[in-house]
Amino acid sequence: MISILRSLWLVFRHLFTRRVTVEYPEEMPYLAPRYRGRIVLTRDPDGDERCVACNLCAVACPPDCISLQKMEDADGRWRPEFFRINFSRCIMCGLCEDACPTYAIQLTPDFEMCEYDRQNMVYEKEDLLINGPGKYHEYSFYRHAGKTVSGKAKGEAAGEAKPVNVKSLNL
Amino acid sequence: MNTGHADIAMTLLNIFGVLTTAVLLTALLTWGERRLLGFWQDRPGPNRVGPFGLMQVVADMIKLFFKEDFIPRFADAPVFLLAPTIVMATTLLAFVVVPFSPAVGVIDMHIGLLFFLAMSALAVYSVVLGAYASGNKYALLGGLRAAAQTVSYEVFMGLSLMGVVMLAGSFDLRSIVMAQENGWFLLPQMLGCAIFLVAGIAESHRLPLDLPEAEHELTAGFHTEYSGMKFGLFFVGEYLSILLISALVTTLFLGGWLGPWLPPLVWFALKTFALVCLFILLRAALPRPRYDQLMAFGWKVMLPLALLNLVVTGSVLIWRG
């Protein structure tokens, strides 16, 4: 009897507590900068695609929603021939972002991506690429990697020593 | 001749006024309940359609009217169609005897209280017939529960009111209100009021005593097979009986329209509104008891208490002379 009256009173008091509902379309909820939403492909500071088509994101992806094909262009850089994310499968887990060795694939605080047609949930490379470097402003993979591309020979990368001619060594 | 016409006009005005107000308030109550439940659960409730979500009522009505009017193949069609109308009819009929204010009220019957008890007892036919005609096992179980619950709770619902009748010396609701001019019956009949309220919740199948519906056990209980406006009628009937029970508690225990300063009708409305809010609060706060607990509670606790209330009230009245 007492417990019934007590629960009545406790519930009644909630008339005067703040409601927790956020009326979403009018009132946008705060999303943390590292919120895991829509996936983008970023570019390095020079404006080139960061993605080197290593396939690690596709391997890490639990629902297998990423598919891509590697190609090598004239100046020796690797890039994806196509890069496709099926957002109707994507679970926004962020494992692709963790797996990416070049910071190319990143998740953004945007979740408003409803479509009337399921096929429109499949994003191609043009849809995924953005014009900026995303969360990492300075990083460029090819400036650090030892791979030779046009405009950067062996030993010219940041922190890389000049190559050693093994035949010149006096043993 | 002229006065005769005026009388008829007044009566018709009263009848249609009460009818329209009752049905309109019921419609509003569907919105009010959801809104209040929302506030008590820290959310806004329906607030999208119209100002404060008031048009939700209209939207719901349009939806219910345009739904397919479906009668299952295995249902007993005539009874299936008849059942939802009974609850509406009996509950609206019971409103006839409620005295809303000195001027408003359809008729004054010498047996007003008995008439109300008879009508609320008839309302169970709606549930039982609807459940039986559905040809569905869950509906049948709900109907069985409704029958048992109503029979059990009807007994002490009547008994709990006899204290009031003894104090007022009349079954006429208007005289009962007049008898409370020197103090509401809530004080001398506190026990009777509590018992009547519990019985009223059971009669109107409201949470926490909505065992005939019991969504988590019986799908939707007696109205499992009902859809569209037939389902709507059951619902309107339920809300009408909330209003009716609240209006009656107001009349019998809270002094009806009596009160200082404000006009009588406002006092009546305020008291009824507070009781309706209590009904909704009960729904928001309390879980549903098990079926055997409900029956045991009815027969082993409420019935003896109602009898005790009757005996004590009678003794006091005789002792006073």
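Residues numbered from 1 in each chain as written. Chains lettered and ligands numbered in written order. Predicted model: local features only at pLDDT ≥ 70, side-chain atom pairs only at ≥ 80, totals over all residues.

A. How the structure looks around the overall build of chain B. In terms of regular secondary structure, chain B is built from eleven helices and zero strands. Against the 2.2 N^0.38 benchmark of 20 Å for 321 residues, chain B shows a C-alpha radius of gyration of 20 Å, consistent with a compact globule. Along the first, second and third principal axes, the C-alpha set of chain B runs to 65 × 55 × 45 Å. Going through the 321 residues of chain B one by one, you find that 42% of them count as buried. Looking at chain B alone, contacts between residues at least 24 apart form 78% of all its contacts between residues at least 6 apart. (Helix = DSSP H or I, 4+ residues; strand = E, 2+ residues; numbered from the N terminus. Rg over C-alpha atoms; globule rule 2.2 N^0.38 Å. Buried ≥ 20, exposed ≤ 12 C-beta atoms within 10 Å, placed from the backbone. Contact = placed C-beta atoms within 7 Å.)

B. Structural context of the overall build of chain A. Along chain A, the regular secondary structure elements total five helices and five strands. Going from the N terminus to the C terminus, chain A shows its helices and strands as α-β-α-β-β-α-β-β-α-α. A compact globule built from 171 residues would reach a C-alpha radius of gyration of about 16 Å, whereas chain A, at 25 Å, exceeds it by more than 25%. Its C-alpha atoms put chain A at 95 × 45 × 25 Å along the principal axes. Classification of the 171 residues of chain A by burial places 17% in the buried group. Sequence-distant contacts, at least 24 apart, represent 69% of the contacts inside chain A between residues at least 6 apart.

C. Spatial organisation of the UniProt feature "binding site: [4Fe-4S] cluster 1" (unreviewed entry) in chain A. Residues and elements named next belong to chain A. Here, UniProt's "binding site: [4Fe-4S] cluster 1" (unreviewed entry) annotation points to Cys-51, Cys-54, Cys-57 and Cys-100. Spanning 50 residues, the named residues nonetheless gather at one spot, since no C-alpha pair among them exceeds 10.4 Å. Inspection of the secondary structure puts Cys-51 in the loop between strand 1 (39-41) and helix 2 (56-60). Cys-51 sits in the buried class, given 25 other C-beta atoms within 10 Å. The residues contacting Cys-51, other than those within four sequence positions of it, are Leu-41, Arg-79, Pro-80, Phe-83, Thr-102 and Ala-104. Position of Cys-57 relative to the elements: it lies in helix 2. For Cys-57, a count of 24 C-beta atoms within 10 Å corresponds to the buried category. Once you skip the residues sitting within four places of it in the chain, Cys-57 turns out to touch Ile-66, Cys-96, Ala-99, Cys-100 and Ile-105. (UniProt positions renumbered as here; feature names shortened; annotations may be inferred.)

D. View of the nonpolar core. Counting residues in hydrophobic clusters, the biggest one holds 80 residues, and the most contacted among them are Leu-243 and Val-249 of chain B. With 14 residues, helix 9 (residues 228-253) of chain B is the single largest residue contributor to this core. Residues in contact with Val-249 of chain B, not counting those within four places in the same chain, are Cys-193, Phe-196, Leu-197, Leu-254 and Leu-275 of chain B. If you look at the next biggest cluster of nonpolar residues, it comprises 21 residues, including Leu-41, Leu-68, Ile-105 and Tyr-123 of chain A. (Core = buried A, V, L, I, M, F, W, Y, C linked by C-beta atoms within 7 Å.)

E. The environment of Phe-297 of chain B, seen in detail. Residue and element names in this part refer to chain B. With respect to the secondary-structure elements, Phe-297 resides in helix 11 (residues 291-320). Spatially, the C-alpha atom of Phe-297 lies 20 Å from that of Met-162, the residues being 135 residues apart in sequence. When residues no more than four places from it in sequence are discounted, the contact partners of Phe-297 are Pro-289 and Met-302.

F. Spotlight on the sheet that holds strand 3 (residues 78-86) of chain A. An order of 2-3-5 (chain A) is seen for the three strands of this open sheet, with the pairing classed as antiparallel. Among the strands making up the open sheet, the edge pair consists of strand 2 (66-72) and strand 5 (122-123) of chain A. (Pairing = 2+ DSSP bridges.)

G. Here's a closer look at the UniProt feature "binding site: [4Fe-4S] cluster 2" (unreviewed entry) in chain A. Residue and element names in this part refer to chain A. Taking the numbering used here, the UniProt-annotated feature "binding site: [4Fe-4S] cluster 2" (unreviewed entry) corresponds to Cys-61, Cys-90, Cys-93 and Cys-96. The greatest C-alpha distance among the annotated residues, which extend across 36 residues, is 10.6 Å, indicating that they converge on a single site. As for its position among the elements, Cys-90 is in the loop between strand 3 and helix 3 (95-99). What Cys-90 contacts, discounting residues up to four positions off in sequence, is Ile-39, Pro-63, Cys-65 and Ile-85. Secondary-structure assignment places Cys-96 in helix 3.

H. Fine view of the interface of chain A and chain B. Across the boundary between the two partners, chain A contributes eleven residues, which contact nine residues of chain B. Of the residues that constitute the side of chain A that touches chain B, the class distribution is six nonpolar, four polar and one charged. (Nonpolar A, V, L, I, M, F, W, Y, C, P; charged D, E, K, R; others polar.)

I. Fine view of the pairing of strand 3 of chain A. Residue and element names in this part refer to chain A. Examined bridge by bridge, strand 2 and strand 3 share seven bridges and lie antiparallel to one another. The residue of strand 3 that forms the bridge with Met-71 is Arg-79. Once strand 2 ends, the chain turns through five residues before running back antiparallel as strand 3, passing Gly-76 with a positive phi of about 85 degrees. By the bridge criterion, two bridges tie strand 3 to strand 5 in an arrangement that is antiparallel. Residue pairing across strands places Ile-85 opposite Tyr-123, the latter belonging to strand 5.

J. Representation of the environment of Leu-305 of chain B. Residue and element names in this part refer to chain B. In this fold, Leu-305 is placed in helix 11. Taking the C-alpha atoms as reference, Leu-305 lies 41 Å from Pro-46; in sequence the two are 259 residues apart. Residues within four places of Leu-305 in sequence aside, it is in contact with Leu-191 and Ile-195.

K. Representation of helix 11 of chain B in the model. Residue and element names in this part refer to chain B. If you check helix 11, its first and last C-alpha atoms are 42 Å apart, about what 30 residues at 1.5 Å a residue would give, namely 44 Å. At Gly-298, helix 11 shows its largest kink, close to 30 degrees. Considered for burial, the residues of helix 11 that qualify are Leu-294, Gly-298, Met-302, Ala-306, Asn-309 and Thr-313. The secondary structure elements touched by the buried residues of helix 11 are helix 5 (137-168) and helix 7 (190-203). (Expected span 1.5 Å × (residues − 1). Bend = angle between axes of the 7 residues up to and from the residue.)

L. Representation of the packing of helix 3 (residues 77-94) of chain B against helix 4 (residues 112-134) of chain B. Residues and elements named next belong to chain B. Two elements in contact, helix 3 and helix 4, have axes separated by 8 Å at closest approach and are oriented at 165 degrees. In this view, helix 3 runs roughly antiparallel relative to helix 4, as classed from their interaxial angle. For the pair helix 3 and helix 4, the sense of crossing is left-handed. Together, Val-79, Phe-80, Leu-82, Ala-83, Pro-84, Ile-86, Val-87, Thr-90, Thr-91, Leu-93 and Ala-94 of helix 3 and Phe-116, Met-119, Ser-120, Leu-122, Ala-123, Tyr-125, Ser-126, Leu-129, Gly-130, Ala-133 and Ser-134 of helix 4 make up the contact between the two elements. Residues that form the contact of helix 3 with helix 4 fall into these classes: 16 nonpolar, six polar and no charged. (Axes fitted to C-alpha atoms, helices over the stretch in contact; angles between N-to-C directions. Parallel < 35°, antiparallel > 145°, perpendicular 65-115°, else oblique. Left-handed = near helix turned anticlockwise from the far one by under 90°.)

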